[in-house]
Amino acid sequence: MKRYLIGLVTAFIVTVTTGSFASAEDVALTSVGQSPDAMMVKVVLKSLSVKPDYDPLMKADDLSGHKVLIAVVGGSSKGLGAAGIDKDQEVARAEALLDKAKTDGVKVLVMHVGGPGRRGTLSDLFISAAVPYSDGLILVDGADQDGLFESLLGDKPVDPEVVPNVRGTKAPLEKILASWEIL
């Protein structure tokens, strides 16, 4: 019995100390456009044992020591109003944050999980601000039906991962974060 308990405790310690998870120091998560989509991405990250530093209004000064910034784009006039900011202030915040990420060598993953239903003038403003900074891109099927994302990528060597819905983001998120040595 004593050997069994020692073995069980040892296995537990090994599992806890070598378990693969990413912490808030590794991954920052924010909304660009103040849609609720970033919260859905947070749930997917949790299923991957990633606990991001989540702040829908993250500022450049808040990006410290992170390895990855996940920017979930999608405009919400209701979300902007609740945050007490307008679209121009949100673009300025996002661009300052993304500039800081690039300056600090932080990888940027841009995600648009609202699909074609979350596209429009407001969302396109935020998409146009964020996508040029991307090192990775995950889109829900139909989101790029007009080619906006592809045109914003230009010559960047980024191949968008297209998924059927927000739940479908799990596998590409895992693949990208693993390739960036987060998982």
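Draft legend 1. Broad picture of the sheet that holds strand β4 (residues 107–112). Strand order across the open sheet formed by six strands is β2-β1-β3-β4-β5-β6, with parallel pairing between neighbours. Each having just a single partner strand, β2 (53–54) and β6 (161–163) make up the two edges of the open sheet. Pairing geometry for strand β1 (residues 27–32) and strand β3 (residues 68–73), over six bridges, is parallel. Bridge pairing in β3 links Leu29 to Ile70. Sheet strands in contact with helix α4 (residues 87–104) are β1, β3 and β4, and its direction is about 155° off that of β1.

Draft legend 2. Helix α7 (residues 170–179), seen in detail. For α7, the set of buried residues is Pro172, Leu173, Ile176 and Leu177. Buried positions in α7, seen along its axis, are confined to an arc of 125° and lie on one side of it. Turned more than 90 degrees from where α7 packs its buried face, Ala171 and Ser179 sit exposed. Tucked inside the fold, the buried residues of α7 contact α2 (37–47), β3, β4, β5 (136–140) and β6. Trailing α7 by a residue or two, Glu181 shows a phi angle of about 60°, which is positive.

What counts, and at which threshold
- Residues numbered from 1 in each chain as written.
- Predicted model: local features only at pLDDT ≥ 70, side-chain atom pairs only at ≥ 80, totals over all residues.
- Heavy atoms only, no water.
- Pairing = 2+ DSSP bridges.
- Helix = DSSP H or I, 4+ residues; strand = E, 2+ residues; numbered from the N terminus.
- Contact = heavy atoms within 4.5 Å.
- Axes fitted to C-alpha atoms, helices over the stretch in contact; angles between N-to-C directions.
- Buried < 20%, exposed > 50% of the residue type's maximum accessible area, 1.4 Å probe, protein only.
- Arc of directions from axis to C-beta.

Interpretation in functional terms is not warranted from these geometric data alone.
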